[in-house]
Amino acid sequence: MKSKGIKKIWGYLAVALLVLISFWVIYPLIYLISGAFAPGSSIAQLAVVPFQDGFTLEHFKYLFERTDYIQWFLNTLYVAVMTTVTTVIVAALSAYVFSRFRFTMKKQMMMAMLILQIFPSIVGMVAMYVILLRMNALDTLWGLVLIYLAGNIPYNTWMVKSYVDTVPRSLDEAARIDGASHFQIFSKVVMPVAKPILVFLAISSFSAPWMDFIFPKMVLRSSEKMTLAIGLFGFVTEKKNDFTVFAAGSLLIAIPFILFFVFSQNLIVTSLGGGQSRNNI
């Protein structure tokens, strides 16, 4: 009886702890939503209890009518999509080459990519800035895509190669007997089997640059080239305290991203499950 009572007490304590943690995580999100529709501008003017300040759509009108918010959104979408496409193509091709071919310094090159991934990307910011300056790529979206692509190649090549290594080489040999070229084997045999890892790679590559702040701040200058992170940060600086406008813009960013994950969650689970099943073979 005492053991059952102790278990119940521990169960109640666990539930209380989980509720407290959930409140700690959810409250900032609810407060952000409340601030997006609350009158005023400063965060100091908002009530501690959400949705007690009233309701207004003026902040959303301000974003669309008096700022370049739509252009920031399109710029961010362009960078995310181009980063995803180029990362998947380059990582898939390089992974196939490292997995299926033998050439000089293969192991050394793979080890070099692994070592490069150890260092944080911020270490090379000065070098990146100088390179982009000499390429006339500062204040350009394609220059920002190049930075993300270069940072994605080492780890993603390792990840995709590890998956491609599990694909039986007998499939390659059968296709080669039928007269298929290396590119046909890559595109029609190996990559369809490696679809789960490619889908995961595409999703992770799209998510990373969506709200990145550091590299866009280094590369971009003009308002028409800014991404969402830089544009929204301008509302909560030391000289400007438009928290409610910032909250409205953040809410608009989150909605399509949440919908994307809601509709693609089955695909994500299937991809991860397929990858796990393939690795267990």
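See the structure shown above.
Quick caveat: nothing in here was measured; it's all calculated off a predicted structure.

A short note on unusual backbone geometry
Reasoning step 1: Even without a glycine there, the phi angle at M105 is positive, about 65°.
Reasoning step 2: You will see that N136, though not glycine, has its phi angle at about 55°, which is positive.
Reasoning step 3: For N136, the position within the fold is in the loop between α5 (125-134) and α6 (141-164).
Reasoning step 4: In this structure N136 comes out as exposed when scored by relative accessible area, which is 63%.

A few points about the environment of M128
Reasoning step 1: Examined against the element boundaries, M128 turns out to sit in helix α5.
Reasoning step 2: By relative accessible area, M128 is classed as partly exposed at 22%.
Reasoning step 3: Each residue touching M128, except ones within four places of it in the same chain, is listed here: S121, I147, F215 and M218.

Re the pattern of salt bridges
Reasoning step 1: One pass over the full model with this rule turns up three salt bridges.
Reasoning step 2: A salt bridge links K61 to E58; the shortest N-O distance between them is 4.0 Å. Pair noted here: K61 and E58 are both in helix α2 (residues 58-66), with a separation of three residues, about one helical turn.
Reasoning step 3: Look at E58 and you get partly exposed, because its relative accessible area is 48%.

Let's talk about a nonpolar patch on the surface
Reasoning step 1: On the surface, L17, L18, L20, I21, W24, V25, I26, I30, I33 and F51 cluster together into a nonpolar patch covering about 1,000 Å² of accessible area.
Reasoning step 2: When you line up the elements, V25 lands in helix α1 (residues 2-37).

As for the nonpolar core
Reasoning step 1: A36, Y69, L144, W210, F215 and V219 are the most contacted members of the largest nonpolar core, which has 37 residues in total.
Reasoning step 2: Sorting the residues of this core by element identifies α1, α2, α3 (69-100), α5, α6, α10 (214-219), α11 (228-233) and α12 (243-280) as the ones contributing at least two each.
Reasoning step 3: For this core, the leading source of residues is α12, giving seven residues.
Reasoning step 4: When neighbours within four sequence positions are excluded, L144 is seen to be in contact with V79, F215, P216, V219, L220 and T227.

Re the side chain of T227
Reasoning step 1: Looking at where T227 falls in the secondary structure, it is placed in the loop between α10 and α11.
Reasoning step 2: Taking the relative accessible area as the measure of exposure, T227 reaches 4% and is therefore buried.
Reasoning step 3: Those residues in contact with T227 that lie beyond four places of it in its chain are W72, T76, L144, D212, P216 and L220.

Section: the packing of aromatic side chains
Each aromatic ring pair is characterised by the separation of its centres together with the angle its planes make.
Reasoning step 1: The tally for this structure, following the rule as stated, stands at 17 aromatic pairs.
Reasoning step 2: Seen from their ring centres, Y96 and F101 are 5.9 Å apart, and the 80° between their planes marks the pair as edge-to-face.
Reasoning step 3: Accessibility expressed as a relative area gives 28% for F101, which makes it partly exposed.
Reasoning step 4: A network of ring pairs unites the aromatic residues F23, Y27, Y31, F243 and F246 as a single cluster.

Calculation notes
- Residues numbered from 1 in each chain as written.
- Predicted model: local features only at pLDDT ≥ 70, side-chain atom pairs only at ≥ 80, totals over all residues.
- Heavy atoms only, no water.
- Helix = DSSP H or I, 4+ residues; strand = E, 2+ residues; numbered from the N terminus.
- Buried < 20%, exposed > 50% of the residue type's maximum accessible area, 1.4 Å probe, protein only.
- Contact = heavy atoms within 4.5 Å.
- Salt bridge = Lys/Arg side-chain N within 4 Å of Asp/Glu carboxyl O.
- Patch = residues over 30% accessible without salt bridge, like charges linked within 9 Å, V, L, I, M, F, W, Y side chains within 5 Å.
- Areas by Shrake-Rupley, 256 points an atom, 1.4 Å probe, with all protein chains shown as cover.
- Core = buried A, V, L, I, M, F, W, Y, C linked by side-chain atoms within 4.5 Å.
- Phe/Tyr/Trp six-rings, centres within 6.5 Å; stacked < 30°, edge-to-face > 60°.

Such coordinate-based values are descriptive only and should not be taken to indicate function.
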